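Architecture at a glance
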Amino acid sequence: SLASAAAKSAALNSATLNSATNSAAFNSTTLNSAANSAAKNSATLNSASSLASAAAKSATLNSAASLASTAFKSATLNSATLNSAASLASAAAKSAALNSATLN
């Protein structure tokens, strides 16, 4: 009976140790999962930050391209206006010369 009780106690202790080992393994798995989750969250945040940065850079480049295009259009318009003014001045000079010749 004592031997049987000792055997049962040894079996119980063995089961308890196995349970503790399993619990430690479970805790380790849980910690690894939490670490993986933290790494994933960090990667997601970095990706979101990178995407936001890329979008901001793209918006800046688009804005700069738009400004350059606007400046070019403005320069072209100014050039056309100056050419038109020069043409009008030339026509006025020709008209004045013609009037002078006619008067003479």
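Residues numbered from 1 in each chain as written. Predicted model: local features only at pLDDT ≥ 70, side-chain atom pairs only at ≥ 80, totals over all residues. Heavy atoms only, no water.

Observations regarding the overall build of the chain
In terms of regular secondary structure, the chain is built from one helix and zero strands. Whereas a compact globule of 104 residues would reach a radius of gyration of roughly 13 Å, the chain reaches 44 Å, over 25% beyond that. With the C-alpha coordinates aligned to their principal axes, the bounding extent of the chain is approximately 150 × 10 × 5 Å. Here the chain holds 104 residues, and the buried ones make up 0% of them. For the chain, the exposed area adds up to about 8,300 Å²; of that, 66% sits on carbon and sulfur atoms. (Helix = DSSP H or I, 4+ residues; strand = E, 2+ residues; numbered from the N terminus. Rg over C-alpha atoms; globule rule 2.2 N^0.38 Å. Buried < 20%, exposed > 50% of the residue type's maximum accessible area, 1.4 Å probe, protein only. Areas by Shrake-Rupley, 256 points an atom, 1.4 Å probe, with all protein chains shown as cover.)

Focus on the environment of N104
Along the polypeptide, N104 turns up in the segment after helix 1 (2–103). For the pair N104 and S23, spaced 81 residues apart in the sequence, the C-alpha separation amounts to 119 Å.

What about the environment of S49?
Considering the arrangement of structural elements, one finds S49 in helix 1. The exposure class of S49 is partly exposed, given its relative accessible area of 46%. For the pair S49 and L61, spaced twelve residues apart in the sequence, the C-alpha separation amounts to 18 Å.

Thoughts on the environment of S14
Residue position: S14 is located in helix 1. What makes S14 partly exposed here is its relative accessible area of 37%. For the pair S14 and A97, spaced 83 residues apart in sequence, the C-alpha to C-alpha distance is 122 Å.

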